[in-house]
Amino acid sequence: MYSIKLGCEKMFCGENAIEGLKNLQSQCKKAYIVMSGTILKDIGSLKIVTDVLEESGFQWRSYTDIEPEPSFQSIIRGAEDMKEFGPDWIIGFGGGSAMDAAKAMWVFYENPEYTQIEDVLPPNEIRNLKVKARIACIPTSAGTGSEATRAALIRDPIKKKKYSIRCMNGRMIPDVAILDPIFTVSMPKSLTAASGMDAITHSIESYVTPLANPYSDAMAVASFINGYENIAECYENGSNMEARTKMLVASCMGGIAFSNCALGLVHSIAHTFGAEYNIPHGLANAIVLPYVIEFNSRNKATKDRYEQLAHYAGIPSLLQGILDLRKRIEIPSAMKDVVPNDKDVLDRIDLLVEKSLGDVCTPSTPVKPTEEELRSLILKVYFGE
Ligand SMILES: NC(=O)c1ccc[n+]([C@@H]2O[C@H](COP(=O)([O-])OP(=O)(O)OC[C@H]3O[C@@H](n4cnc5c(N)ncnc54)[C@H](O)[C@@H]3O)[C@@H](O)[C@H]2O)c1
Ligand SMILES: [Fe+2]
């Protein structure tokens, strides 16, 4: 038995999708906008959002004090400010970091009695949601798919660990998602590449996990085709609105895919390097992905699924296709290129293995590595071949 939730209550996609904000049902007409830094304000993107809100009679307040890969401390500070303003809509506006921060702040706003990260982690169930406010997300990267997923990923910088706040029954999936390419054209090339590879990784890992099902498969395949066909165009010609729209769709569908099944070892190793060495999530996935495809391909059923996915996108081999794509969008081929500290990695290899094995995504990976196999895989990811 499995249960399915295919995304938000309402999604608006394509050019001028921002007009969809006019449909927000609201009693007190107060919107609280969460962003990661002031960049979207500085380049005029925030004004596009607030103009529509003001036209619809909303008062708004924005909060920008969220770092990339948000920490628990920023979430708690933001939730205090949110309580003071008292919104009935929360808007996550930005990449995965801003959207996840908005989702996590919302949890603490709805439940002021919670003070610790442990209060909101499984097996604890989040008590109240949608009592005080509903949530809309507007992605500006493509992406994490966070606008349609049931989780928010929060970092503990002291324990160097990433936590997934989530409701397995989908209560944390935002009510509304706005996929408007006007907001993604400003991405720097590096973010276009890294976040795009995150989306592609979501589709591939969703397709090969043992928890895959016909609904997640449909989303994973459509996400992979749109992502594979458009990421390089977005990278090379960032103002192509059609490619940007398709990349947003790929990202959102990838999020829906893994929210209805699971991720795997690419994410486990990427989470570990991300938390230990501050590597952006998408970049870490992009580096790890081909190594895990190669590792998992020892299992014939998994290899067949990889090749099916490649076939749908019209490429002869998934591994070669990903390697070629990675080169084209200038992703480094080994982790050593972004963490140039051999000694530290070798000193901490036991810890890296332990954290990857204990990661939330490891139980759902299709080919379970032994400790020894994982150690040699992580060293391969680090040193390259
Ligand atoms: N909730 C989920 O299901 C889920 C899934 C995958 C990843 N994540 C999380 O998402 C985070 C990564 O998100 P991301 O890859 O989107 O990067 P990000 O949100 O961290 O953004 C990176 C930087 O780019 C800036 N930026 C974003 N959009 C921009 C734009 N259009 N123009 C200019 N600058 C822009 C941000 O302000 C930030 O400084 C990680 O914390 C990761 O763990 C969450
Ligand atoms: Fe991811």
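Residues numbered from 1 in each chain as written. Chains lettered and ligands numbered in written order. Predicted model: local features only at pLDDT ≥ 70, side-chain atom pairs only at ≥ 80, totals over all residues. Heavy atoms only, no water.

(A) Just the overall build of the protein, in detail. In terms of helices and strands, the protein carries 14 helices and eight strands. In terms of C-alpha radius of gyration, the protein reaches 20 Å, essentially the compact-globule figure of 21 Å for 385 residues. Overall size of the protein, expressed as C-alpha extent along the three principal axes, is 55 × 45 × 45 Å. Taking all 385 residues of the protein together, 58% fall into the buried category. Within the protein, contacts between residues separated by at least 24 positions form 79% of all contacts whose residues are at least 6 apart in sequence. A total of about 15300 Å² of accessible surface is found on the protein, and carbon and sulfur atoms cover 53% of it. (Helix = DSSP H or I, 4+ residues; strand = E, 2+ residues; numbered from the N terminus. Rg over C-alpha atoms; globule rule 2.2 N^0.38 Å. Buried < 20%, exposed > 50% of the residue type's maximum accessible area, 1.4 Å probe, protein only. Contact = heavy atoms within 4.5 Å. Areas by Shrake-Rupley, 256 points an atom, 1.4 Å probe, with all protein chains shown as cover.)

(B) Representation of the packing of aromatic side chains. Scanning all chains against the criterion turns up eight aromatic pairs. An aromatic cluster of three or more residues is present, and its members are Tyr32, Tyr63 and Phe85. Here the basic side chain of Lys30 rests over the ring of Phe85, its NZ or CZ set 4.9 Å away from the ring centre. The ring of Tyr235 carries Lys189 above its face, with NZ or CZ at 4.6 Å from the centroid. (Phe/Tyr/Trp six-rings, centres within 6.5 Å; stacked < 30°, edge-to-face > 60°. Lys NZ or Arg CZ within 6 Å of the ring centre and 35° of its normal.)

(C) Quick look at the pattern of salt bridges. As enumerated under the stated definition, the model contains 29 salt bridges in all. With its nearest N and O atoms 2.8 Å apart, the salt bridge here joins Asp217 to Arg305. Separated by 88 residues along the polypeptide, Asp217 in helix H6 (residues 214-236) and Arg305 in helix H10 (residues 300-312) bring together distant segments of the chain. By relative accessible area, which is 17% here, Asp217 ends up buried. Residue classification places Arg305 among the partly exposed positions, given a relative accessible area of 22%. (Salt bridge = Lys/Arg side-chain N within 4 Å of Asp/Glu carboxyl O.)

(D) Highlighting the environment of Thr201. As for its placement among the helices and strands, Thr201 is situated in helix H5 (residues 189-208). Note on Thr201: relative accessible area 0%, which makes it buried. When the C-alpha positions of Thr201 and Val288 are compared, they lie 9.6 Å apart, and in sequence the two are 87 residues distant. Setting aside residues up to four positions removed in sequence, Thr201 forms contacts with Val266, His267, Asn285 and Leu289. Side-chain polar atoms of Thr201 contact the backbone oxygen of Met197, separated by 2.6 Å. (Polar contact = N/O pair within 3.5 Å; in protein donor to acceptor, adjacent residues only side chain to side chain.)

(E) Region of the structure containing the coordination of the iron ion (ligand 2). Protein coordination of the iron ion (ligand 2) is provided by Asp198 (OD), His202 (NE2), His267 (NE2) and His281 (NE2), with donor distances spanning 2.1 to 2.2 Å. Between the donor residues of the iron ion (ligand 2), the gaps in sequence give the motif D-x3-H-x64-H-x13-H. Here the residue His202 occupies a position in helix H5, and His267 occupies one in helix H8 (residues 265-277), the gap between them amounting to 65 residues. For the pair shown, His202 and His267 are each scored as buried. (Donors = N, O, S within 2.8 Å, 3.2 Å for Na, K, Ca; no water.)

(F) Focus on the pairing of strand E8 (residues 176-179). Going residue by residue along E8, you find Val176 and Ile178 tucked away on one face and Ala177 and Leu179 tucked away on the opposite face as well. Pairing of strand E5 (residues 134-139) with E8, which is carried by two bridges, proceeds in the parallel orientation. For Cys137, the partnering residue across the bridge sits in E8 and is Ala177. (Pairing = 2+ DSSP bridges.)

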